[in-house]
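Chain by chain, the residues run as shown.
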Amino acid sequence: MKFKKVLWTALGCVGLGLGAVGVVVPLLPSFPFLLLALVGFAKSSEKLHYWFLNTRLYKNNLESYVQGRGMTWRTKRRIILTVTLLMAFGFAMMLRKELYVPCVILAGVWVFHLLYFALRVKTLREPESAG
């Protein structure tokens, strides 16, 4: 039982670290890593989970999505662009090696990704700046 908590805590820490780097590095998506951190901390420790829910990283990137309210168009656009660039790179590498079936699968995943963000994730209005 204790091993599971340690594993979930480690996954939460890895997700948090990669998510924090992803906020700064344009090609590294932060969203899935922060979701990993959320799940890891929730399954490992109530204190860690509560702490993570109160970080700016969570509030700025995940809170509205997890609460079912959706994402801003800017966030959706950033995720779609990042995933598209990464998938395009993978697609090009597989196409170069003449791996056509994986290319078709990756293209299907990409289309599903676009449809999911366009049709299933609500778009929130951008918060108005106080300037």
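Read on for a plain summary of the structure. Bear in mind that the values here come from a model prediction, so they are computed numbers and not experimental data. (Residues numbered from 1 in each chain as written. Predicted model: local features only at pLDDT ≥ 70, side-chain atom pairs only at ≥ 80, totals over all residues. Heavy atoms only, no water.)

Focus: the packing of aromatic side chains
- One pass over the structure, following the stated rule, counts five aromatic pairs.
- Aromatic side chains Phe-112 and Tyr-116 sit 6.3 Å apart centroid to centroid with 25 degrees between the ring planes, which places their arrangement in the stacked category. Taken as a pair, Phe-112 and Tyr-116 lie in helix H7 (residues 100–120) at a separation of four residues, close to a single helical turn.
- Assessed through its relative accessible area of 58%, Phe-112 is described here as exposed.
- Look at Tyr-116 and Phe-117: their rings are 5.5 Å apart centre to centre, the planes differ by 90 degrees, and that puts the pair in the edge-to-face class.
- We classify Phe-117 as buried; its relative accessible area is 6%.
- Taken together, the aromatic side chains of Phe-41, Trp-51, Phe-52 and Tyr-58 make up a single cluster linked through ring pairs. (Phe/Tyr/Trp six-rings, centres within 6.5 Å; stacked < 30°, edge-to-face > 60°. Helix = DSSP H or I, 4+ residues; strand = E, 2+ residues; numbered from the N terminus. Buried < 20%, exposed > 50% of the residue type's maximum accessible area, 1.4 Å probe, protein only.)

A few points about the pattern of salt bridges
- Here the structure, examined in full by the defined rule, presents one salt bridge.
- For the salt bridge of Lys-59 with Glu-63, the shortest nitrogen-to-oxygen distance reads 3.8 Å.
- Classification of Lys-59 by relative accessible area gives partly exposed; the value is 38%. (Salt bridge = Lys/Arg side-chain N within 4 Å of Asp/Glu carboxyl O.)

Things to note about a nonpolar patch on the surface
- Among the surface-exposed residues, Val-21, Val-23, Val-24 and Val-25 lie close enough to one another that they form a single nonpolar patch of about 330 Å² accessible area.
- In this structure, Val-23 sits in helix H1 (residues 2–24).
- On the accessibility criterion, Val-23 (44% relative accessible area) is partly exposed. (Patch = residues over 30% accessible without salt bridge, like charges linked within 9 Å, V, L, I, M, F, W, Y side chains within 5 Å. Areas by Shrake-Rupley, 256 points an atom, 1.4 Å probe, with all protein chains shown as cover.)

Quick look at the side chain of Ser-64
- Tracing the backbone shows Ser-64 in helix H5 (residues 63–66).
- The exposure class assigned to Ser-64 is buried, which follows from its relative accessible area of 16%.
- Residues within four places of Ser-64 in sequence aside, it is in contact with Arg-69, Gly-70, Met-71 and Leu-124. (Contact = heavy atoms within 4.5 Å.)

Geometry only, nothing functional implied.
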